[in-house]
2 protein chains.
Amino acid sequence: MRELAVCGVLDADALRQFKESGPTVHYNAGDTVVFESDQATNVYSLTSGLLRLSKLLPDGRRQIAGFLFPGDFLGITMEEEHAFTAEAVAPSELCKFQRRQFDEFIERHPALERRLHAFAAHELAAARQQLVLLGRKTATERIASFLLMLEGHCHSVCANQEIAVPMSRADVADYLGLRIETVSREISRLKAHRVIQLTGRQSFRIVDRSRLKQMAEG
Amino acid sequence: MRELAVCGVLDADALRQFKESGPTVHYNAGDTVVFESDQATNVYSLTSGLLRLSKLLPDGRRQIAGFLFPGDFLGITMEEEHAFTAEAVAPSELCKFQRRQFDEFIERHPALERRLHAFAAHELAAARQQLVLLGRKTATERIASFLLMLEGHCHSVCANQEIAVPMSRADVADYLGLRIETVSREISRLKAHRVIQLTGRQSFRIVDRSRLKQMAEG
DNA sequence: CGTACATTTGATTTGAATCAACGTTGGTGG
DNA sequence: CCACCAACGTTGATTCAAATCAAATGTACG
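Note that this is a predicted model, so its numbers are computed, not measured.

Details of the packing of aromatic side chains
Residue and element names in this part refer to chain A.
For step 1, the next point in the chain: Applying the stated criterion across every chain, the model contains 10 aromatic pairs over all chains.
For step 2, the next point in the chain: Three or more aromatic residues link up through ring pairs in this structure, and these residues are Phe73, Phe97, Phe102 and Phe119.
For step 3, the next point in the chain: Sitting over the ring of Phe84, Lys55 keeps its end group 5.1 Å from the ring centre.

Rendered as structure tokens:
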């Protein structure tokens, strides 16, 4: 579903129109694309890179609600304001549209509308799956689930079984509802038990997938 | 958004057609409407009652991903299978449609399609808000947030400030990622601190809303 | 009534957080 | 080139919030 980017559902002509209807904007790692509580006046389509959607509590606790990968949309919320801050985790490119232009474009292209529907439905399913993780899973189960999720995101992309962890330990912790120390400890445990193999700080290999799946429960 | 039931967006004629295109089905409290992993062959529109969406882990841990109120839809998932079990919390009535009929009907009624869009967007926002609660809030904050959420669901419905808690403590616990003992203790604490007042096991009144809001953080 | 179940309350345990060093890495400038 | 340093990550010791274990109390219903 995710891999169906905009270009997959529009014919060449419509695609050209689409791209032209909004400029491409670039962000460096750490840059903020939209702030929580900003007016939702634009819609974005991520073409490359990685974004995180996060929310801060008044005392600084942070929760990451999800990551956006190429092909995902940002700002299709239907609310007046954004509920989450969107920041670039890695250098990213987005197509930026005025909401009104975007809505008009959609009306003329039912295929894009279906794509948006599918995106929203997929995001909802992913968010609910994450609710189970945050509400009921142990630290070990959360890490195992997360590593398998990362694997799922690089079908053919990742060379020779090497899976990228494109975000920092702090991001992983805030996504999984844990502290960085716990993330680090649990990863070390998986390594010690020969379930995974670290091939760098930002990449790993799965040694025993069935055990990892078992540890992720579900 | 929730309060805009189907009837709010269709004219009288279209509404009659809509109701006729699927039978009304009844469920008693505790009945299962759809099982997790069932084929998603039907779409439902809840007309009265209350449903819970839940998922069980192999060892019996349960997480409730959300509750469905009148006007909400069930089964618009776009996936082959349902990801969550839907059960009636109270006696409930639903309009049941074949997915194909439903899709055809939508195509002829853009207003309904917008309603579905809004519903999906609202559910996504609610799920992400719940991610913050489950990932980062303390037991006290979770209970305070939940009680305020309940208040939000009975704008004009609830007589003289009395807010209904239409589900069991076990359901509350499994929705908030806590155990029933913790839910009970935290509610007792709020009562002891004169922040709320219990008016029955299934209902309460807010005595000090600003303090409750403060306790819910955000 | 009395039985079964739901809820509350109390005592103890425990998994993850917190506090505290200690390694590692990558970028910068001498 | 490599020494420095700041940011990131790991590991260890201790604490704490919520879970678990264990009754007791309240409530609905045949």
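Focus on the protein's contact with DNA strand C
For step 1, the next point in the chain: Within the structure, DNA strand C sits among 16 residues, and Ala139, Arg179 and Thr182 of chain A together with Arg185 and Ser188 of chain B are positioned closest to it.
For step 2, the next point in the chain: Near the protein, within 4 Å, the atoms of DNA strand C are sugar or phosphate in 70% of cases.
For step 3, the next point in the chain: Interatomic distance of 2.8 Å between a side-chain N/O atom of Arg169 of chain B and a phosphate oxygen of DNA strand C.
For step 4, the next point in the chain: At 2.8 Å, a side-chain N or O of Arg185 of chain B approaches a base nitrogen of DNA strand C.
For step 5, the next point in the chain: Those elements giving two or more residues to the surface near DNA strand C turn out to be helix 6 (180-192) of chain A together with helix 6 (180-192) of chain B.
For step 6, the next point in the chain: At four residues, the largest contribution of residues to the surface near DNA strand C is made by helix 6 of chain B.
For step 7, the next point in the chain: Counted by class, the surface near DNA strand C contains two nonpolar, six polar and eight charged residues.

Comments concerning the interface of chain B and chain A
For step 1, the next point in the chain: Between chain B and chain A, the residue contacts involve 40 residues of the former and 41 residues of the latter.
For step 2, the next point in the chain: Counting the surface lost from both chain B and chain A, the interface buries some 3700 Å², and carbon and sulfur atoms represent 64% of this.
For step 3, the next point in the chain: By the criterion of area lost to chain A, the three top residues of chain B are Arg128, Leu131 and Arg136 of chain B, representing 21% of everything that side buries.
For step 4, the next point in the chain: Linking chain B with chain A are eight salt bridges, by the criterion used here.

What about the sheet that holds strand 9 (residues 203-206) of chain B?
Residues and elements named next belong to chain B.
For step 1, the next point in the chain: Pairing is antiparallel in the open sheet, where three strands are placed in the order 7-9-8. Here the strands that pair on one side only, and so sit at the sheet edges, are strand 7 (163-164) and strand 8 (196-198).
For step 2, the next point in the chain: In this sheet, strand 9 lies alongside strand 8 in antiparallel orientation, the contact comprising three bridges. Looking at the pairing, Ile196 lines up with Ile206 of strand 9.
For step 3, the next point in the chain: This element, helix 4 (residues 139-152), spans strand 7, strand 8 and strand 9 of the sheet and lies at about 95° to strand 9.

Things to note about the relation of the copies chain B and chain A
Note on the chain copies: they are related by a rotation about an axis and a translation along it.
For step 1, the next point in the chain: Take chain B, turn it by 180°, move it 0.0 Å along the axis, and it overlays chain A with an RMSD of 0.0 Å. A rotation of that kind, with that shift, is consistent with a two-fold axis.
For step 2, the next point in the chain: An overlap of 100% is found between the interface residues of chain B and their copies at the interface of chain A, pointing to a shared contact surface.

Examining empty space enclosed by the protein
For step 1, the next point in the chain: Under the defined criterion, the tally for this structure stands at three cavities of 30 Å³ or more.
For step 2, the next point in the chain: In this structure, the largest cavity occupies an estimated 90 Å³ of space.
For step 3, the next point in the chain: If you go around the largest cavity, you meet 13 residues; those closest to its centre are Leu147, Val165, Arg169, Ile187 and Phe204 of chain A.
For step 4, the next point in the chain: When contributions to the lining of the largest cavity are tallied by element, the ones reaching two or more residues are helix 4 (139-152), helix 5 (169-176), strand 8 (196-198) and strand 9 (203-206) of chain A.
For step 5, the next point in the chain: Counting residues per element, the lining of the largest cavity draws most heavily on helix 4 of chain A, which supplies three residues.
For step 6, the next point in the chain: Considered class by class, the residues forming the lining of the largest cavity number nine nonpolar, two polar and two charged.
For step 7, the next point in the chain: Taken as a whole, the second largest cavity holds about 80 Å³ of empty space.
For step 8, the next point in the chain: Sorting the residues of the lining of the second largest cavity by element identifies helix 4, helix 5 (169-176), strand 8 and strand 9 of chain B as the ones contributing at least two each.
For step 9, the next point in the chain: With three residues, the top contributor of residues to the lining of the second largest cavity is helix 4 of chain B.
For step 10, the next point in the chain: In terms of residue class, the lining of the second largest cavity is built from nine nonpolar, two polar and two charged.

Observations concerning the protein's contact with DNA strand D
For step 1, the next point in the chain: Within the structure, DNA strand D sits among 16 residues, and Arg185 and Ser188 of chain A together with Ala139, Arg179 and Thr182 of chain B are positioned closest to it.
For step 2, the next point in the chain: Atoms of DNA strand D within 4 Å of the protein: sugar and phosphate make up 69%, bases the balance.
For step 3, the next point in the chain: Elements supplying a minimum of two residues to the surface near DNA strand D: helix 6 of chain A together with helix 6 of chain B.
For step 4, the next point in the chain: Top element by residues in the surface near DNA strand D is helix 6 of chain A. It accounts for four residues.

Focus: the pairing of strand 9 of chain B
Residues and elements named next belong to chain B.
For step 1, the next point in the chain: Both strand 7 and strand 9 contribute to a ladder of two bridges, which runs antiparallel. The residue bridging Ile163 from the neighbouring strand is Phe204, located in strand 9.
For step 2, the next point in the chain: In sequence, strand 8 turns back onto strand 9 through a hairpin of four residues, with Gly200 there showing a positive phi of about 145°.

Quick notes on the packing of helix 4 of chain B against helix 6 of chain B
All names here are of chain B.
For step 1, the next point in the chain: It is at 10 Å that the axes of helix 4 and helix 6 come closest, and there the two elements cross at 75°. Relative to helix 6, the element helix 4 lies roughly perpendicular. When helix 4 is examined against helix 6, the residues Ala139, Thr140, Ile143 and Leu147 are found in contact with a partner set consisting of Thr182, Val183, Glu186, Ile187, Arg189 and Leu190.
For step 2, the next point in the chain: For the contact of helix 4 with helix 6, a count of residues per class yields six nonpolar, two polar and two charged.

Topic: helix 2 (residues 99-108) of chain B
All names here are of chain B.
For step 1, the next point in the chain: Buried within helix 2 we find Phe102, Phe105 and Ile106. Taken down its axis, helix 2 places every buried residue within 100° of arc, on the same side. In this structure, helix 2 carries Arg100, Glu107 and Arg108 as exposed residues pointing more than 90 degrees from its buried face.

Structural notes on the side chain of His82 of chain A
All names here are of chain A.
For step 1, the next point in the chain: Positionally, His82 belongs in the loop between strand 5 (73-74) and strand 6 (85-98).
For step 2, the next point in the chain: Judged by relative accessible area, which is 9%, His82 ranks as buried.
For step 3, the next point in the chain: Apart from the residues within four sequence positions on either side, His82 is in contact with Val34, Phe35, Glu36, Ser37, Asp38, Gln39, Ala40 and Gly75.

Definitions and cut-offs
- Residues numbered from 1 in each chain as written.
- Chains lettered and ligands numbered in written order.
- Predicted model: local features only at pLDDT ≥ 70, side-chain atom pairs only at ≥ 80, totals over all residues.
- Heavy atoms only, no water.
- Phe/Tyr/Trp six-rings, centres within 6.5 Å; stacked < 30°, edge-to-face > 60°.
- Lys NZ or Arg CZ within 6 Å of the ring centre and 35° of its normal.
- Near = heavy atom within 4 Å.
- Polar contact = N/O pair within 3.5 Å; in protein donor to acceptor, adjacent residues only side chain to side chain.
- Helix = DSSP H or I, 4+ residues; strand = E, 2+ residues; numbered from the N terminus.
- Nonpolar A, V, L, I, M, F, W, Y, C, P; charged D, E, K, R; others polar.
- Contact = heavy atoms within 4.5 Å.
- Buried area = accessible area lost by both parts, 1.4 Å probe.
- Salt bridge = Lys/Arg side-chain N within 4 Å of Asp/Glu carboxyl O.
- Pairing = 2+ DSSP bridges.
- Axes fitted to C-alpha atoms, helices over the stretch in contact; angles between N-to-C directions.
- Least-squares fit on C-alpha atoms with pLDDT ≥ 70 in both.
- 1 Å grid on protein atoms, 1.4 Å probe; cavity = no way out; pocket = protein on both sides within 12 Å on 5 of 7 lines; lining within 4 Å.
- Points joined across faces, edges and corners; volume = space filled by probe spheres on them.
- Parallel < 35°, antiparallel > 145°, perpendicular 65-115°, else oblique.
- Buried < 20%, exposed > 50% of the residue type's maximum accessible area, 1.4 Å probe, protein only.
- Arc of directions from axis to C-beta.

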